[in-house]
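Summary of structural features
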Amino acid sequence: MTRREAIFPADRHALYEQHGYSAAIRSGDLLFVSGQVGSRSDGTPEPDFERQVRLAFENLKATLEAAGCTFEDLVDVTTFHTDPENQFETIMAAKQKIFSKAPYPNWTAVGVNWLAGFDFEIKVIARIPSNA
């Protein structure tokens, strides 16, 4: 039976403790990453949207690295947006810096009306490399 293993980045932010969840769960060779947001170290939202998106990707990268993964290991991505039409360009610019060539991961974008004070969230599933 496969056991779940909680994964946290080295500089885990305050939101994990405040809300009682793991940054990611390793199950077999899969990594299920909780939604990552553009939070500052104290868990508060970064007010500048472009910076908030960059921080969300930085938080995601740190969580992936804690499990021995990179963006190359992503299989499935879900993003949540509070104002998709007006945020699309900023998000696409950040996305294209990280995923600059095929094959791209699956991607589902969802418009929402509330993200606990944030405007962008990214949740992923990754395959953990055999050497991790």
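Just above, that's the structure.
The model shown is predicted, which means the values in this text are computed figures rather than measured ones.

Topic: the overall build of the protein chain
The number of helices and strands found in the protein chain is three helices and six strands. The secondary structure elements of the protein chain, listed N-terminal to C-terminal, are β-α-β-β-α-β-α-β-β. For 132 residues, the compact-globule formula gives about 14 Å, and the C-alpha radius of gyration of the protein chain, at 14 Å, lands near that figure. Across its three principal directions, the C-alpha atoms of the protein chain cover 45 × 35 × 20 Å. Partitioning the contacts of the protein chain with sequence separation of at least 6, the portion at a separation of at least 24 is 70%. Of the roughly 7,800 Å² of accessible surface on the protein chain, 49% is carried by carbon and sulfur atoms. In the protein chain, which carries 13 positive and 18 negative side-chain charges, the distance between the mean positions of the two groups comes to 7 Å.

Observations regarding the pattern of salt bridges
Within this structure, the stated rule accounts for three salt bridges. Salt-bridge contacts for Glu 50 lead to Arg 54; the nearest nitrogen and oxygen are separated by 3.3 Å. Within this pair, Glu 50 and its partner Arg 54 are both found in helix α2 (residues 49-66), separated by four residues, close to a single helical turn. Note on Glu 50: relative accessible area 45%, which makes it partly exposed.

Remarks on the sheet that holds strand β6 (residues 120-127)
One open sheet holds the six strands; their spatial order is β1-β2-β3-β6-β4-β5, and the pairing between them is mixed. If you trace the sheet from one side to the other, it starts and ends with β1 (4-7) and β5 (106-111), each paired once. The mean inter-strand angle of the sheet, taken between neighbouring strand axes irrespective of direction, is 15 degrees. Pairing analysis gives six bridges linking strand β3 (residues 30-37) to β6, with the strands arranged antiparallel. Bridge assignment links Val 33 to a residue of β6, and that residue is Val 124.

About the thresholds
- In this numbering scheme, every chain counts its residues from 1 along its sequence in written order.
- With the structure being a predicted model, the display of local features is reserved for residues of pLDDT at least 70 and the display and counting of side-chain atom pairs for 80 or more, all residues being used for whole-chain, interface and lining totals.
- Computation of side-chain values covers all heavy atoms of the structure but excludes hydrogens and water.
- Each helix corresponds to a stretch of at least 4 residues labelled H or I by DSSP, and each strand to a stretch of at least 2 residues labelled E; elements are numbered beginning at the N terminus.
- The globule rule used for comparison is 2.2 Å times the number of residues to the exponent 0.38, while the radius of gyration itself is calculated over C-alpha atoms.
- Contacts between residues were defined by any pair of non-hydrogen atoms, one from each residue, lying within 4.5 Å.
- Here the accessible surface of atoms and residues is derived via Shrake-Rupley with a 1.4 Å probe, and residues count as covered only by protein chains that are part of the display.
- Charge assignment: positive for Lys and Arg, negative for Asp and Glu; neither His nor the chain ends contribute.
- To locate a charge, take atom NZ for lysine, CZ for arginine, CG for aspartate or CD for glutamate.
- One speaks of a salt bridge when a side-chain nitrogen belonging to Lys or Arg is within 4 Å of a carboxyl oxygen belonging to Asp or Glu.
- Relative accessible area decides the class of each residue, using a 1.4 Å probe on protein chains only: under 20% of the type maximum gives buried, over 50% gives exposed, and in between gives partly exposed.
- Strand pairing follows a simple DSSP-based rule, namely that at least 2 bridges must link the two strands.
- Helix axes are fitted only over the stretch in contact, all axes being lines through C-alpha atoms; the angle between N-to-C directions runs from 0 to 180 degrees.

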